[in-house]
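Coordinates in review
Here's the letter readout for the chains.
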Amino acid sequence: MVLQSRRVWLAGQFVPAQLEVADGKIVNVYPFGTKTADVDYGNKRIVPGFIDVHTHGAYGFDTNDGEPEGLRDWMRRIPEEGVTSILPTTVTQMPEVLTKAVANVAKVVEEGYEGAEILGIHFEGPYLDMEYKGAQPPEAIAKPTVEQFKMYQEAAHGMIKYITMAPEHDPEFALTKYCSQNGVVVSMGHSSASYEQALMGIANGAMSMTHVYNGMTPYHHRKPGLVGTALRVRDIYGEIICDGCHSHLAALNNFFTAKGRDYSIMISDSLRAKHCPPGGNYELGGHPIEIGEDGLARLKGTDTIAGSTLNINKGLRILVEEAMVPFDAALNSCTINPARVLRVDDRKGKLTAGYDADIVVLEDDYALDTPSNELQLSRSTVDRCFDFIVSELKEAQNAGLLEDASSDKTTGVGRIDKAIAQAFIIEALTYRASWLFNGECTYYADMANPDGTRLFPSQPDAATIKADWQKVVTECQKFFADYGNRFQLMYTDKSGKSVAGPDAEGFNPYESYRRA
């Protein structure tokens, strides 16, 4: 599949180009117009997929819930804001809760899921400072020990890749050193560390700072604190929440000016209330929270900020259009920079041949336009869809309604072109649907093999098919509502009147397919 636009983000700038995608990878990058494009996005911006390294939940789910289907639902739906990779993030809690939470992430990864890729777990707490705990539950804050962390990492099957901790409470920086020497990024946060203590944390392996400005010692010209460390030490990473509420727009600009384009990391720090209707009762770490009109979550009855409901694409807009951060620095903060800190920048964060095809198409208002001419599905999903359609066709064949239907499954399939998906779905519906309008049906889709022959040559006998139409539509929606394009079912009766399709009364096109 070939995508093209006059604005593709390559080598830190927009270039007229084409991206050829196959099997979930970018296989070639060409000058604009080199090949016939399957999808031409005109002047829309094509950028790398976003990576969120600090996010607790969304859609009513929190990582601490430890529920597999809640996590799967979150991963399946979060690409709607451009997030293609993620670190589900815990909140300080008792050991049994945290153990269940990290084990659940490992279980889902091992058993399979669809949507944004889980790159690991962000373990925020319980090794935090009591004064700068923020909304983290004080009763669960603990002294850091290597032994306890090993227990959590074992439950997580090695998936903890990032930890937030207060370095001043780590005796002899034992856990800091252990994590940094065993592939876990140490990020200093929820901490009362002085500037000097923070430097020692960095010297012993810390390489990032958690939601700079929030949950840390503030900047003073005689006591720089952790904020001063973040601004002074340019070659360690710093997370920042870019909703314009956690930090003033001027503070966002100051941070990006100090860090440059290579060490800032935008995060959402989102809670379960993200993408949920206004109102409702929510909690964080077992404590009730409420969502204000500004989108901020606060501990109920207090002014203590508990997190955000920020969409990453909205954060990008705020940085560029309101905080006046240069576009390259803003985009790097949610693409290549988090990829670097997680050491996955050899396959994520750039639109480069050989990299994962994590692609976002941005409108000028930063809304998303999802690639739509191809379904890119996991093999298990492809098999599931094929098995369903084949079973439908076999049932029709057993009823004597098919003559030469072929149901061979191509081995090694990793993706389905939209036109083929349309053909199979329409055929499956055709042979199962009740013909509420007695008479002939005309297909408004080109259901042909590459050699020009029809996929399924026979026309059904309308009088003999009695299956319930709505049941079949519902079954197909179960498999395809989460993916791809708005394919349209269009039939006419023998008088030419549309009986199912965009012109029919009550017709509802299916949702955009999302990457699986």
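Throughout what follows, the structure given in this document is the object of discussion. (Residues numbered from 1 in each chain as written. Predicted model: local features only at pLDDT ≥ 70, side-chain atom pairs only at ≥ 80, totals over all residues. Heavy atoms only, no water.)

With that out of the way, let us pick up the sheet that holds strand β11 (residues 121-124). Strand pairing in a sheet takes place through backbone hydrogen bonds and is either antiparallel or parallel in direction. If you trace the six strands from one edge of the open sheet to the other, you get β11-β12-β13-β14-β15-β16, paired in parallel fashion. Only two strands of the sheet have a single neighbouring strand rather than two, namely β11 and β16 (264-267). Relative to strand β12 (residues 160-165), β11 runs parallel, the two being bridged by four bridges. Within β12, the position partnered with Phe-123 by the bridge is Ile-163. (Pairing = 2+ DSSP bridges. Helix = DSSP H or I, 4+ residues; strand = E, 2+ residues; numbered from the N terminus.)

Taken together, the three strands give an open sheet; going across it, the order is β6-β9-β10, and neighbouring strands pair in parallel fashion. Each end of this open sheet is capped by a strand with a single partner; those strands are β6 (50-55) and β10 (117-118). Taken together, the four bridges between β6 and strand β9 (residues 83-88) define a ladder with parallel strand orientation. Considered in β9, the bridge of Asp-52 is made with Ile-86. Along the sheet, helix α1 (residues 68-77) contacts β6, β9 and β10; its crossing angle with β9, the most-contacted strand, is approximately 150 degrees. (Contact = heavy atoms within 4.5 Å. Axes fitted to C-alpha atoms, helices over the stretch in contact; angles between N-to-C directions.)

Between helix α2 (residues 95-111) and helix α3 (residues 146-155), whose axes approach to 7 Å, the crossing angle comes to 35 degrees. Contacts from Pro-95, Leu-98, Thr-99, Val-102, Ala-103 and Ala-106 of α2 reach α3 at Gln-148, Met-151, Tyr-152 and Ala-155. The residue inventory of the contact of α2 with α3, partitioned by class, reads eight nonpolar, two polar and no charged. (Nonpolar A, V, L, I, M, F, W, Y, C, P; charged D, E, K, R; others polar.)

Bridge count for strand β2 (residues 13-22) against strand β3 (residues 25-31) is six bridges, and the pairing is antiparallel. Along β3, the bridge assignment pairs Leu-19 with Val-29. Taken together, β2 and the strand that follows it, β3, pair antiparallel across an intervening segment of two residues, in which Asp-23 is found at a positive phi of about 55 degrees.

A separate point is the packing of aromatic side chains. Throughout the structure, instances matching the rule amount to nine aromatic pairs. A centroid spacing of 6.3 Å and a plane angle of 70 degrees characterise the contact between Phe-123 and Phe-149, whose relative ring orientation is edge-to-face. Here the residue Phe-123 occupies a position in strand β11, and Phe-149 occupies one in helix α3, the gap between them amounting to 26 residues. For Phe-123, a relative accessible area of 0% gives the class buried. For Phe-149, a relative accessible area of 1% corresponds to the buried category. Linked through ring pairs, Phe-123, Phe-149, Tyr-152 and Tyr-178 together constitute an aromatic cluster. Looking at Arg-7, its charged tip hangs above the ring of Phe-14, at a distance of 5.9 Å from the centre. Lying across the ring of Tyr-366, Arg-45 places its NZ or CZ 4.5 Å from the centre. (Phe/Tyr/Trp six-rings, centres within 6.5 Å; stacked < 30°, edge-to-face > 60°. Buried < 20%, exposed > 50% of the residue type's maximum accessible area, 1.4 Å probe, protein only. Lys NZ or Arg CZ within 6 Å of the ring centre and 35° of its normal.)

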